[in-house]
Amino acid sequence: MSIATVLSDAMAQSDITQKALAEQVGVSQSYISQICAGKKTPTVNTLAQISQCLGISVVCFFQEEGADAGPQSGSSKRNGRMNLSEDEKQLIRFYRTMDRRNRAVLKGIVSSM
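Summary of the structure given here. (Residues numbered from 1 in each chain as written. Predicted model: local features only at pLDDT ≥ 70, side-chain atom pairs only at ≥ 80, totals over all residues. Heavy atoms only, no water.)

What follows is about the overall build of the chain. Within the chain one finds six helices and two strands. Secondary structure elements of the chain occur, N-terminal to C-terminal, as α-α-α-α-β-β-α-α. In the chain, the proportion of contacts linking residues at least 24 apart, taken out of those at least 6 apart, comes to 50%. If you sum the accessible surface of the chain, you get close to 7,500 Å²; carbon and sulfur atoms cover 47% of it. (Helix = DSSP H or I, 4+ residues; strand = E, 2+ residues; numbered from the N terminus. Contact = heavy atoms within 4.5 Å. Areas by Shrake-Rupley, 256 points an atom, 1.4 Å probe, with all protein chains shown as cover.)

This brings us to helix 1 (residues 3–14). Over its 12 residues, helix 1 runs 16 Å from end to end, which matches the ideal 16 Å to within 8%, given 1.5 Å per residue. Regarding helix 1, the residues found buried are Ile 3, Ala 4, Val 6, Leu 7, Ala 10 and Met 11. With its buried residues spanning 165° around the axis, helix 1 presents them on a single face. The exposed set on the far side of helix 1, more than 90 degrees from its buried face, consists of Ala 12 and Gln 13. On its buried side, helix 1 packs onto helix 2 (18–25), helix 3 (29–36) and helix 4 (44–54). Of the residues trailing helix 1, Asp 15 is marked for its positive phi of about 55°. (Expected span 1.5 Å × (residues − 1). Buried < 20%, exposed > 50% of the residue type's maximum accessible area, 1.4 Å probe, protein only. Arc of directions from axis to C-beta.)

Ranked by size, the top nonpolar core spans 24 residues in total, and within it Leu 7, Met 11, Leu 21, Ile 32, Ile 50 and Leu 54 carry the most contacts. In terms of residue count, the dominant contributor to this core is helix 1 (five residues). Ignoring anything within four residues of it in the chain, the contact list for Leu 7 reads Leu 21, Ile 32, Ile 35, Cys 36, Ile 50, Leu 54 and Phe 61. (Core = buried A, V, L, I, M, F, W, Y, C linked by side-chain atoms within 4.5 Å.)

This is the structure in structure tokens:
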């Protein structure tokens, strides 16, 4: 699932508006709207604040639908090359755009899973 999908679903379950979430997180409603639409990707710190406001784990934003906590992934290996799912490619692109500090925060989150 994408960050946009998880965020939209969590907001609906929490019955919170984009405006209310934006105020709690300290960002604009427009920014939350762009995240929900998949047009923007939040920083790890912003994502952590969003997850705290919604009462969900940051991990939820990075799990595939129906995935358990096991080491499964959508990737497979063919001809010695790793074939990544679109979600895995998106995570890699997201990671590559992070600065060193946000990468360290994300590594800490992942290592605590």
